[in-house]
Amino acid sequence: MRLCIVGIGGAGGKITQEFLGNEDLDFQLLSHITGAEYLSPGKMQGIWLEADKNDAKNIQHFFGDMEEGCYPCFYIPHDAVADGCAVHVAVKEKYGYDVKKQGFVRDAQYLKAVFEIFDTDKEIQALVAQTMNKEMVESMGGNANQAPNPIFDSAWNAIRDFTTLGKGECDGILFVVSFGGGTGTGFINPIINHIRNEGKADYPVFALGILTEPGDYADKAQFSKSARRNLAAISAIYDLLTKGGGANGVIIVDNEILLERYGNDYVAANQFIHKMMQPLVAARDYPGEIPPSQAVAQHSSGGLSRPPIFVPLFASLPRSADPEEALIKKALSEEGKLFGCSPEKADFAMVFCRGFIDSEKIREILSRETGIAPESIWPSRKMGEGNNEILILLRNPYGGDPKAYQKVGTLENRFCMVISQALQYMSQQPEDLFYEGKQEEKGKKDGKPAEQVKLTEASKEALKMFFFGPDGSGQKSGFVFELTEARKRLRDGRKEDKPFFIHPLRIFQKDAPVPKEGTKSTGLINGDEDIARIVDQRINEKLVELGLIEEIMMG
Ligand SMILES: Nc1nc2c(ncn2[C@@H]2O[C@H](COP(=O)(O)OP(=O)(O)OP(=O)(O)O)[C@@H](O)[C@H]2O)c(=O)[nH]1
Ligand SMILES: [Mg+2]
């Protein structure tokens, strides 16, 4: 298994940086002078996708610019659209979305909408096709399932050559994002959809997402309140988990747990995330036990119709005789859990170990301690360096307990909290959903207000439909309805209510005409007959105008 780590957004980039440290750290200068190959432990490779150019170019110094041939590097996907070019202007005029906006919009819907516009609008697609450069056209390879899309095509181009799908050797991708900002949450789903639409149905793709912490610690850096961060987080998670054939698994870590442990120190938290993932990603497999990413992907999502949630449990202990029992017990304790959960409810467990570990004992002890059937436990091990380590990934460890949502420390409880905050935010500040709120959105650098997004009526209609359904109530369909239903499932705690997010939702529907600017849907058009009636009426009006008939004749 050799993963390509793709960090997206601020936290995604910082965590990726931990993974991509140079193995030849002591000789970094020498390596640089001699042009030696940059080598990360486990021969991992990766890239950082970011929207904020200033952060990427001037604030951090680990990643260089991909455009300048650096490695490790960052890439700014929306740079693929030239400022003021036909596509940029057309999307802005028709929809009000500025595809070059640099991530000041802290929500997951912004980039979702942009992706769906390119995915559905034939006019925009034609414009893109006209203006795309040769390299991009070639890279598209004439794919019938996928309309050209400069932002996501170019992002995928930046990633692909690290992977076996291009010229590289990584046989799987691990996306790393935080659930709570705009860039990571907005980008993760479109980019995975993009990879899958290109026909890469069985290439292993995993996501590691850090759920934003409650409280106001992140408010200042993010210019975004907890409720809004929770909406962004749950939107991204919703889309990830409802996309059948999407990611092979979504590993979630709770920032609340990490920040409590590390006293609000993001750097220490990121170092821990790196450490915790080592049993999965590090090199030095046991001889004869080298699981390719493909095998991990199959075990992870095999037999499921939607991507599963994985809760990581981690323990590290000095080497000892018979280490299995102590490792498992420590991982299962409160200290080991990186997200609230009920281990006994998991329907599968993948266990990655480092050190002198007996796989059979792992299976036996974990089954005994949790009640998970031995055949639903898949152990895999690597040679260790220092301590013995274990990373248990519990698949969907929730459900089947109607009281769970009331207990702190369960997945049900944490998700109900995030959903409730998101629902409350949407009902209290609906204008924010259309970027019309009074909330101050400030540019980072000079404190000047960032340019406001002004959506067209057509976009507002589409978003309204997405959030609240056709009747605008949020009681029968739409995202608000789906979240309310999901919370009900979590509270009911019925076994059959797993998974809790079910219906994929779009903002812009495929094959639905976008209403022209200035027209407003009355909701009274029902099928072809109504359209014919309206067309007849328009013709009659024209005839009257031209003096060819005297009055409107309607049947
Ligand atoms: N663990 C960890 N969490 C972070 C870090 N930085 C930010 N966060 C958390 O992640 C959330 C999102 O922050 P970012 O990752 O900076 O957001 P983004 O994806 O760049 O999106 P923008 O809103 O467009 O900047 C914050 O609300 C914090 O909860 C970090 O370095 N480590
Ligand atoms: Mg950011």
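From a predicted model like this one, the values you see are computed outputs, not experimental measurements.

Chemist: An account of helix α18 (residues 457-468) is requested, with residue identities and associated values reported.
Modeler: End to end, α18 covers 16 Å across 12 residues, agreeing with the expected 16 Å (1.5 Å per residue, within 8%). Elements that come into contact with the buried residues of α18 comprise α4 (86-95), α5 (109-120), α17 (411-428) and α19 (479-492).

Chemist: Go over the pairing of strand β7 (residues 249-254) with me, naming the residues and quoting the values.
Modeler: Across the six residues of β7, six count as buried, placing the element largely inside the fold. With burial as the criterion, each face of β7 is covered, one bearing G249, I251 and V253 and the other bearing V250, I252 and D254. Relative to β7, strand β6 (residues 205-211) is paired through six bridges, and the arrangement is parallel. For I210, the partnering residue across the bridge sits in β7 and is V253.

Chemist: If you had to explain the sheet that holds strand β5 (residues 172-179) to someone new, which residues and values would you point to?
Modeler: Read from one edge to the other, the open sheet built from 11 strands follows the order β3-β4-β2-β1-β5-β6-β7-β8-β11-β9-β10, with strand pairing classed as mixed. In this open sheet, the two strands that pair with only one neighbour each are β3 (64-65) and β10 (377-382). Packed onto the sheet, helix α1 (residues 9-19) meets β1 (3-8), β2 (45-49), β5 and β6 and runs at close to 145° relative to β1. The strands touched by helix α11 (residues 226-242) are β5, β6, β7 and β8 (309-317); relative to β5, the strand with the most contacts, the crossing angle is about 150°.

Chemist: Describe the site of ligand 1, with residues and values.
Modeler: Close to ligand 1 lie 21 residues, the nearest being G10, R106, T183, T212 and E213. G182 places a polar main-chain atom, nitrogen or oxygen, 2.8 Å from an oxygen atom of ligand 1. A distance of 3.3 Å separates an oxygen atom of ligand 1 from a polar side-chain atom of R229. Against a free-state accessible area of 630 Å², the protein chains account for coverage of 94% of ligand 1. At four residues, α1 tops the list of elements feeding residues into the shell around ligand 1. Tallied by class, the residues present in the shell around ligand 1 amount to four nonpolar, 13 polar and four charged.

Calculation criteria
Residues numbered from 1 in each chain as written. Chains lettered and ligands numbered in written order. Predicted model: local features only at pLDDT ≥ 70, side-chain atom pairs only at ≥ 80, totals over all residues. Heavy atoms only, no water. Helix = DSSP H or I, 4+ residues; strand = E, 2+ residues; numbered from the N terminus. Expected span 1.5 Å × (residues − 1). Contact = heavy atoms within 4.5 Å. Buried < 20%, exposed > 50% of the residue type's maximum accessible area, 1.4 Å probe, protein only. Pairing = 2+ DSSP bridges. Axes fitted to C-alpha atoms, helices over the stretch in contact; angles between N-to-C directions. Near = heavy atom within 4 Å. Polar contact = N/O pair within 3.5 Å; in protein donor to acceptor, adjacent residues only side chain to side chain. Areas by Shrake-Rupley, 256 points an atom, 1.4 Å probe, with all protein chains shown as cover. Nonpolar A, V, L, I, M, F, W, Y, C, P; charged D, E, K, R; others polar.

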